[in-house]
Amino acid sequence: MTAPSSPQTRFTVPDFATLKGLVSQATVDDVQAALRREHLRIEDLAALLSPAAETMLPLLAAESRRITTLRFGRTTQIYAPLYLSNLCTNRCAYCGFSADNRIARRKLSLEEAEAEAEILRKRGFQHILLVSGEAPAALGVDYLEAIALRLRDRFAALSIEVQPLNTEEYARLFAAGITAVAVYQETYDRRVYDKVHLSGRKCDYDYRLETPARAAAAGMREVGIGALLGLADWRCEGLALGLHLAWLRKHFWKTNFTVSFPRLRPAAGSFEPLVHVTEAHLSQLIFALRIFDPDVGLILSTREEERYRDGMLGLGPTRYSAGSCTAPGGYSQDEEKGDHHDGEQFSVGDHRSIGEVCAAIRRKGFDPVCKDWDREFQHLEDQEPVPVPAE
Ligand code: SF4
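Residues numbered from 1 in each chain as written. Predicted model: local features only at pLDDT ≥ 70, side-chain atom pairs only at ≥ 80, totals over all residues. Heavy atoms only, no water.

S.K.: Residue-level account of the site of the ligand, with values.
M.R.: The full set of residues close to the ligand is Cys88, Asn90, Cys92, Tyr94, Cys95, Phe97, Ser98, Gly133, Glu134, Lys202 and Gln345. Under a 2 Å grid-point criterion requiring more than half of the atoms, the pocket assigned to the ligand is the largest cavity. (Near = heavy atom within 4 Å. 1 Å grid on protein atoms, 1.4 Å probe; cavity = no way out; pocket = protein on both sides within 12 Å on 5 of 7 lines; lining within 4 Å. Sits in = over half its atoms within 2 Å of the grid points.)

Quick look at the structure:
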């Protein structure tokens, strides 16, 4: 495996003007050629993301559905986020947790985090994503490690979406039971990135960009990347995502990768999306990435409405969140006093319970999968292969 931080192996994003040139010059013929090709080049992804491909969305959907069924069968994985804290030292213009916003701040104690996780476990979740704002002094590796050690025997998979860490820290969390890391670049457009990240450690574009490689180098089983849709040209974000994914695959072939497509949602503060991304755009982006990379896990979260999520079942996405609350302690609040949550990161679009989401998946002829991995597999992977006896 190649060290991620040596200069010759560092991933760099082309200028967005260059990416825009690639997508805007693609023709209908280029799209048709991309749909016929077995191993797609980056020019093919540009064609699938282009305005020319917009008129061919049903063809893209059919190809994306074919590949998804071939690779993943008729299954959809289910997970839930568990918000540990909304403390954050960064100021990101688009986020409800931004240090600027006057919201009630809290950090769950280990016991509170355990209680939230237990509610999710009883609801049937086997895979949870631990999420927090970025406040390393309060939410450091000691805290995350302690939570992982408490939860790892009760869940099949524990993922984190927290502040970027260094390789040694990821390795420590992996040893404690965290097997996956999600870290979204938010926007690959450096100019826009500088504009919306107002202060704090997150202003360091390059450190964030190199985070998926550090997590993979630390041995994480799965690494998730993504862009927050609504900040910059979505076609160029899609192309940058494809380039990033291809680079990560080349350097970390043992790691599974996922891509998420969060669209900007209302939150505390008064940020308006800088770019309008419609459901048709989102669909084109999902189909294009599926066709480009048949093996990548594609995640569609509860930011999207149930009508759209149900319509996309089987067409490309392979993992859905369900029954989500984006405020720390929100699941316990549900149980105690109904549906009101203080201090949400953003509002969700699909309010159904896990049972309702699973029922909708079954109605479409798919199997909801709450567990596709067990920590025991990790131990098996670590062992020497069993020698095959001679005939
Ligand atoms: S996006 Fe993340 S880092 Fe930025 S304010 Fe929100 S929680 Fe903090």
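S.K.: Please set out the confidence of the model for the protein residue by residue, giving values where relevant.
M.R.: When pLDDT is averaged along the protein, the result is 91; 91% of the residues meet or exceed 70. Segment residues 1-8 is flagged for pLDDT under 50; beyond a separation of four residues in sequence, or across chains, it makes 16 contacts in the model. (pLDDT = per-residue confidence, 0-100. Contact = heavy atoms within 4.5 Å.)

S.K.: Can you break down empty space enclosed by the protein residue by residue, with the values?
M.R.: Applying the stated criterion across every chain, the model contains six cavities of 30 Å³ or more. Its boundaries defined by the atoms lining it, the largest cavity holds a volume of some 630 Å³. Surrounding the largest cavity, 41 residues form its lining, Tyr83, Glu161, Tyr184, Arg303 and Gln345 being those nearest its centre. For the lining of the largest cavity, the secondary-structure elements that each account for two or more residues are strand E1 (75-85), strand E3 (127-132) and strand E9 (297-300). One number sums up the size of the second largest cavity: a volume of about 120 Å³. (Points joined across faces, edges and corners; volume = space filled by probe spheres on them. Helix = DSSP H or I, 4+ residues; strand = E, 2+ residues; numbered from the N terminus.)

S.K.: Any details on the nonpolar core? Residues and values, ideally.
M.R.: In this structure, Ile128 and Tyr188 are the most contacted members of the largest nonpolar core, which totals 121 residues. Those residues in contact with Tyr188 that lie beyond four places of it in its chain are Phe11, Val13, Phe16, Tyr205, Leu209, Ile225, Gly226, Ala227, Glu237, Ala240, Leu241 and His244. (Core = buried A, V, L, I, M, F, W, Y, C linked by side-chain atoms within 4.5 Å. Buried < 20%, exposed > 50% of the residue type's maximum accessible area, 1.4 Å probe, protein only.)

S.K.: How would you sum up the side chain of Arg208? Please name residues and give values.
M.R.: Within the secondary structure layout, Arg208 lies in helix H10 (residues 205-209). If near-sequence neighbours (up to four positions away) are discounted, Arg208 is found in contact with Glu134, Pro164, Val183, Tyr184, Gln185, Glu186, Tyr193 and Lys202.

S.K.: Any chance you could break down the pairing of E3 for me, citing the residues and the numbers?
M.R.: A large share of E3 lies buried, amounting to six of its six residues. Of the two faces of E3, both are covered, the one formed by His127, Leu129 and Val131 as well as the one formed by Ile128, Leu130 and Ser132. Sheet topology places E3 next to strand E4 (residues 157-161); five bridges connect them, and they run parallel. Bridged to Val131 within E4 is Glu161. The parallel pair E3 and E4 is bridged by helix H7 (residues 141-151), and the resulting crossover is right-handed. (Pairing = 2+ DSSP bridges. Right-handed = clockwise from strand over helix to strand, strands pointing away.)

S.K.: So what's going on with helix H6 (residues 110-122)? Which residues, and what values?
M.R.: With 13 residues, H6 should cover 18 Å at 1.5 Å per step; its first-to-last C-alpha distance of 18 Å lies within 8% of that length. Buried within H6 are the following residues: Ala113, Glu116, Ala117, Glu118, Ile119 and Leu120. Backbone geometry just after H6 places Gly124 at a positive phi near 110 degrees. (Expected span 1.5 Å × (residues − 1).)

S.K.: Now, about the packing of aromatic side chains: what can you tell me, with residues and values included?
M.R.: What characterises a pair of aromatic rings is the spacing of the ring centres plus the angle enclosed by the ring planes. According to the stated counting rule, one finds five aromatic pairs in the structure shown. Relative to Trp247, the ring of Phe11 lies with its centre 6.0 Å away and its plane at 50 degrees, an arrangement referred to as tilted. Taken together, the residues span a long stretch of sequence, with Phe11 in the segment before helix H1 (16-24) and Trp247 in helix H12 (residues 234-251) at a distance of 236 residues. Each member of the pair, Phe11 together with Trp247, is buried. A connected cluster of aromatic rings, assembled from ring pairs, spans Phe11, Trp247 and Phe252. Its end group placed over the ring of Tyr143, Lys107 keeps NZ or CZ at 4.5 Å from the ring centre. (Phe/Tyr/Trp six-rings, centres within 6.5 Å; stacked < 30°, edge-to-face > 60°. Lys NZ or Arg CZ within 6 Å of the ring centre and 35° of its normal.)

S.K.: Quick rundown of the environment of Gly355? Include the residues and the values.
M.R.: Turning to its location among the elements, Gly355 is positioned in helix H16 (residues 354-363). When its relative accessible area of 46% is taken as the criterion, Gly355 is described as partly exposed. When the C-alpha atoms of Gly355 and Arg123 are compared, they prove to be 8.2 Å apart, with 232 residues separating the residues in sequence.

S.K.: Can you lay out the packing of H6 against H7 for me, pointing to particular residues and giving the numbers?
M.R.: At a closest axis distance of 10 Å, the pairing of H6 and H7 adopts a crossing angle of 45 degrees. Relative to H7, the element H6 is oriented oblique. The hand of the H6/H7 crossing is right-handed. The residues of H7 that touch H6, namely those facing Leu110, Glu111, Ala113, Glu114 and Ala117, are Tyr143, Ala146, Ile147, Arg150 and Leu151. For the contact of H6 with H7, a count of residues per class yields seven nonpolar, no polar and three charged. (Axes fitted to C-alpha atoms, helices over the stretch in contact; angles between N-to-C directions. Parallel < 35°, antiparallel > 145°, perpendicular 65-115°, else oblique. Left-handed = near helix turned anticlockwise from the far one by under 90°. Nonpolar A, V, L, I, M, F, W, Y, C, P; charged D, E, K, R; others polar.)

S.K.: Would you mind going over the packing of H12 against helix H13 (residues 279-292) in detail, with residue names and values included?
M.R.: To describe two helices that pack against each other, one gives the angle between their axes and the distance between the axes. One way to put it is that H12 packs onto H13 with a least axis distance of 10 Å and a crossing angle of 25 degrees. It follows that H12 is roughly parallel to H13 by the angle criterion. Seen from above, H12 lies across H13 with right-handed handedness. Between H12 and H13, the residues in contact are Trp234, Arg235, Gly238, Leu241, Gly242 and Ala246 and His281, Gln284, Leu285, Leu289 and Phe292, respectively.

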